[in-house]
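Results of the structural survey
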Amino acid sequence: MQEKEMSSVESLQEQLSQSDPSPSPNSCSSFELIDMDAGSLYEPVSPHWFYCKIIDSKETWIPFNSEDSQQLEEAYSSGKDCNGRVVPTDGGRYDVHLGERMRYAVYWDELASEVRRCTWFYKGDKDNKYVPYSESFSQVLEETYMLAVTLDEWKKKLESPNREIIILHNPKLMVHYQPVAGSDEWGSTPTEQGRPRTVKRGVENISVDIHCGEPLQIDHLVFVVHGIGPACDLRFRSIVQCVNDFRSVSLNLLQTHFKKAQENQQIGRVEFLPVNWHSPLHSTGVDVDLQRITLPSINRLRHFTNDTILDVFFYNSPTYCQTIVDTVASEMNRIYKLFLQRNPDFKGGVSIAGHSLGSLILFDILTNQKDSLGDTDSKKDSPDIVMDHGDTLTLEEDLKKLQLSEFFSIFEKEKVDKEALALCTDRDLQEMGIPLGPRKKILNYFRTRKNSMGINRLTLQSASGANMSNLSKESEFCSGTAGNDQHLDVGIGQVSVEYPRLIYKPEIFFAFGSPIGMFLTVRGLKRIDPNYKFPTCKGFFNIYHPFDPVAYRIEPMVVPGVEFEPMLIPHHKGRKRMHLELREGLTRMSMDLKNNLLGSLRMAWKSFTRAPYPALQASETAEETEAEPESGSEKPSVPPYPDVSTEESPAAGKEDAPPINVGMLNGGQRIDYVLQEKPIESFNEYLFALQSHLCYCWVEHGANGASNHEFS
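Residues numbered from 1 in each chain as written. Predicted model: local features only at pLDDT ≥ 70, side-chain atom pairs only at ≥ 80, totals over all residues. Heavy atoms only, no water.

- You'll find the chain entered in an unreviewed UniProt entry as Phospholipase DDHD2, with Camelus dromedarius given as the organism.
- The annotation that UniProt attaches to the chain under Sequence similarities (unreviewed entry) is "Belongs to the PA-PLA1 family." (UniProt positions renumbered as here; feature names shortened; annotations may be inferred.)

The following block contains the structure:
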């Protein structure tokens, strides 16, 4: 086989030499002569920077975009010491340490990847992707190439540090041979053995996609929280990889829909950053505890259950729920601070997005946020907000009530208010010098008051209503924001945890494939008060695929007595998918045929039952025609066929119907948005059910379209 491959290369050389009967003595062929005549002057190669990623357990070299590569080359060629030199790349999400030739992630944990200044490449063994030579050997190749061009001497043979052979036959034919294992047992030098591989000089001569780069201006920041398990799609990719798809889709939409505005620098881009809570949760040692009690059979399925499915149960556990919400909130706060440090000129807004269980985590965090003091004071007089009138006493009045006024000066000196005192332990009070008896009184008082807060909050609205007996849990949830110094205590199924405070106010909350509605119902909540809105977030979009088995609607919980369809997200090309248009057209056509048929039958029946008197006045006929629609109950003569106007009235009502009031959870705008399924998905809903729950990294453009519409 090797002899065949070598002979094929030799035959190619013979063909090249025979193409011109009078080649020059210093050339291998007329091909070389023509090429050298065309460009006898040596031109230095243009380098491009690459980084190495481990994909499917093998190394893959990926080029930096053109802007990042140019910045790296300028820093490299500046003449300054590269040690300690850091160049931000990929929109500031990665830092390249030039001295180390390593690339580090900024906002999340990721293995560092090697960086290389690349000029020479050879084709890989198992695929057609080109692999760059090391920088030192590339320099040797470039020097050899320069001598060959300058002196017009070819067939240069080089040996790489890995004892591989590279032969420069001419500028268009350069090959790479790998030595066969065991070829040097007798001390022989390596020769051209194995299948020859193509060698290319310069990145412009290899097939690789090099992007232009991202806009420097960032208009909006979006945090993305994942759902259960470490994998976020059917390809078992991580949250970082899926968020990269969000970002790519957003950048593609800028090119296709806002190209002129982007060229005029009127708009920037949207930055998406992942928030990972699965790894910190499973690093607490719970996996070791689970492994001890896991049965040895069906090992892979049980591992999948422990690593993925149990995340739902972890969130319903008070211990691990606290770990999850602390991780999500603290991670978003940490990334936000770091983002502002690296982007000091950022003036845009912040939104948050959650998939599956991640959306429920964000919903609970947002529900239990505290509004700022100014906003809270402005809302105290609002009739939509229910304040907790059972907790209006000051700390001094509480201590006076307990006959412990002499200790108020101690708390005042330590700057301990009611909220801080409720968090104090017995040891804290002892260190402040409070005796044992008063300590027990204070701790018992605040513990009892805290337990009764949920009951007071849930019954306050019903007690103030005129019809107290008819108000149940349907109007208990979300009747007011989590103002003042108390969290919103659901008290009927939700685990009791302390929710951290976000250091920013999200503008929009996107929920993808969200089970929020189901979890609220399971917790015993039947209705969301129409006046409720998140304390710190203005908008809420519940986006789902129509076949997603995990997704649930929100609007029926706000308006339980009205049936209406969710909002259909338009295709990014501004229309419905063809199969949906065809389906609606056929439905409309069948309804028109039905209405026309019923109308014809009705007219025929009326003419058949009309009295046989020819002297009817035209005015009487007109009066009869006008009276018939108003007296539908007085027409027993047409029982098999309903009136045409009855069939047409719903359609007319839909066209002229006023906007549906779905409450203030999304600022009075619609909440539920459904995606358009693909044509192949409509053939079998069950077949694509699992895939539909994991498809949201490709549909962010729909969410952007919805948010842009609302902002405008």
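After that view of the structure, there is still more to cover.
1. Focus on the overall build of the chain
- When you go through the chain residue by residue, the secondary structure sums to 24 helices and 19 strands.
- Buried positions account for 43% of the 712 residues belonging to the chain.
- When contacts within the chain are restricted to residue pairs at least 6 apart in sequence, those whose partners lie at least 24 apart make up 71%.
- Surface summary for the chain: the accessible area is close to 40100 Å², and the carbon and sulfur share equals 54%. (Helix = DSSP H or I, 4+ residues; strand = E, 2+ residues; numbered from the N terminus. Buried < 20%, exposed > 50% of the residue type's maximum accessible area, 1.4 Å probe, protein only. Contact = heavy atoms within 4.5 Å. Areas by Shrake-Rupley, 256 points an atom, 1.4 Å probe, with all protein chains shown as cover.)

2. Structural notes on the packing of aromatic side chains
- Counting across every chain of the model gives 24 aromatic pairs.
- Centre to centre, the rings of Tyr42 and Tyr145 are 6.4 Å apart; their planes meet at 55 degrees, and the pair counts as tilted. Residue Tyr42 is found in the loop between helix H2 (30-38) and strand E1 (48-55), and its partner Tyr145 is found in helix H4 (residues 135-151); the two are separated by 103 residues along the sequence.
- Given the relative accessible area of 25%, Tyr42 is considered partly exposed.
- Ring plane angle 70 degrees and centroid distance 5.8 Å describe the contact between Phe534 and Phe540, whose orientation is recorded as edge-to-face.
- According to the relative accessible area criterion, Phe534 is buried, its value standing at 2%.
- An aromatic cluster is present here, built from Phe246, Phe272, Phe510, Phe512, Phe541 and Tyr673 joined pairwise through their rings.
- Over the aromatic face of Phe564 sits the side chain of Arg553, whose NZ or CZ is 5.4 Å from the ring centroid. (Phe/Tyr/Trp six-rings, centres within 6.5 Å; stacked < 30°, edge-to-face > 60°. Lys NZ or Arg CZ within 6 Å of the ring centre and 35° of its normal.)

3. Section: the pattern of salt bridges
- Counting across every chain of the model gives 22 salt bridges.
- When the shortest N-O distance is used, the salt bridge between Arg93 and Glu214 registers 2.6 Å. Placement of the pair is Arg93 in the loop between strand E3 (86-89) and strand E4 (94-97) and Glu214 in the loop between strand E12 (197-201) and strand E13 (218-225), with a sequence separation of 121 residues.
- With a relative accessible area of 4%, Arg93 lands in the buried category.
- One salt bridge connects Glu271 with Arg269, and the closest N-O pair in it is separated by 3.2 Å. Accessibility classification places Glu271 together with Arg269 in one group, the buried group.
- Salt bridges linked by common partners bring Arg93, Glu214, Arg247, Arg269 and Glu271 together as one network. (Salt bridge = Lys/Arg side-chain N within 4 Å of Asp/Glu carboxyl O.)

4. What about the pairing of strand E2 (residues 58-63)?
- Bridge count for E1 against E2 is six bridges, and the pairing is antiparallel. For Lys53, the partnering residue across the bridge sits in E2 and is Thr60.
- In this antiparallel pair of consecutive strands, E1 and E2, the connection spans two residues, and Asp56 shows a positive phi of 55 degrees. (Pairing = 2+ DSSP bridges.)

5. Remarks on the side chain of Thr89
- For Thr89, the location among the structural elements is in strand E3.
- In terms of polar contacts, Thr89 uses its side chain to reach the side chain of Asp90, at 3.0 Å.
- Apart from the residues lying within four places of it in its own chain, the contact partners of Thr89 are Phe64, Asp68, Leu72, Tyr94, Val96 and Arg103. (Polar contact = N/O pair within 3.5 Å; in protein donor to acceptor, adjacent residues only side chain to side chain.)

6. Digging into the sheet that holds strand E17 (residues 539-544)
- The strand order across the open sheet formed by seven strands is E14-E13-E15-E16-E17-E19-E18, and the pairing between neighbours is parallel. The two strands at the open ends of the sheet, each matched to only one other strand, are strand E14 (269-275) and strand E18 (567-568).
- The pairing of E18 with strand E19 (residues 672-674) spans two bridges and is classified as parallel. Bridge assignment links Leu568 to a residue of E19, and that residue is Val674.
- Contacting E13, E14 and strand E16 (508-512), helix H5 (residues 239-257) runs over the sheet at an angle of about 170 degrees to E14. (Axes fitted to C-alpha atoms, helices over the stretch in contact; angles between N-to-C directions.)

7. Some points on the sheet that holds E1
- With respect to topology, six strands assemble into an open sheet ordered E2-E1-E6-E5-E4-E3, the strand pairing being antiparallel. Of all strands in the sheet, those with a lone pairing partner are E2 and E3, marking the two edges. Averaged over all adjacent pairs, the angle separating strand axes in this sheet is 35 degrees, with direction ignored.
- Of the strands in this sheet, E1, E3, E4 and strand E6 (113-118) touch helix H3 (residues 66-76), which is tilted by about 175 degrees from E3.

8. Overview of the packing of helix H9 (residues 299-315) against helix H11 (residues 357-367)
- Packing of H9 against H11 leaves a shortest axis separation of 11 Å and a crossing angle of 15 degrees. In this view, H9 runs roughly parallel relative to H11, as classed from their interaxial angle. Crossing hand, H9 versus H11: left-handed. Touching Asp311, Val312 and Tyr315 of H9 are Leu357, Leu360, Ile361 and Asp364, all from H11.
- Taken together, the residues that form the contact of H9 with H11 break down as five nonpolar, no polar and two charged. (Parallel < 35°, antiparallel > 145°, perpendicular 65-115°, else oblique. Left-handed = near helix turned anticlockwise from the far one by under 90°. Nonpolar A, V, L, I, M, F, W, Y, C, P; charged D, E, K, R; others polar.)

9. A word on the environment of Cys321
- Looking at the secondary structure, you find Cys321 in helix H10 (residues 318-342).
- A relative accessible area of 1% places Cys321 in the buried class.
- Along the primary structure Cys321 and Val495 are separated by 174 residues, whereas in three dimensions their C-alpha atoms are 7.7 Å apart.

10. Brief notes about H4
- Spanning 17 residues, H4 covers 24 Å between terminal C-alpha atoms, matching the ideal 24 Å at 1.5 Å per step.
- Listed in full, the buried residues belonging to H4 are Phe137, Ser138, Leu141, Glu142, Thr144, Tyr145, Ala148 and Val149. On an axial view of H4, the arc spanned by its buried residues comes to 165 degrees, and they lie on one face. Exposed positions of H4 whose direction lies more than 90 degrees from the buried face are Gln139, Thr150 and Leu151.
- Following H4 by one or two positions, Asp152 adopts a phi angle in the positive range, close to 55 degrees. (Expected span 1.5 Å × (residues − 1). Arc of directions from axis to C-beta.)

11. Observations regarding the confidence of the model for the chain
- When the pLDDT values of the chain are averaged, the result is 74; 66% of them are 70 or greater.
- Taken as a whole, residues 1-39 scores under 50 in pLDDT and shows 40 contacts with residues more than four places along the chain or in a different chain.
- Segment residues 373-390 is flagged for pLDDT under 50; beyond a separation of four residues in sequence, or across chains, it makes 25 contacts in the model. (pLDDT = per-residue confidence, 0-100.)

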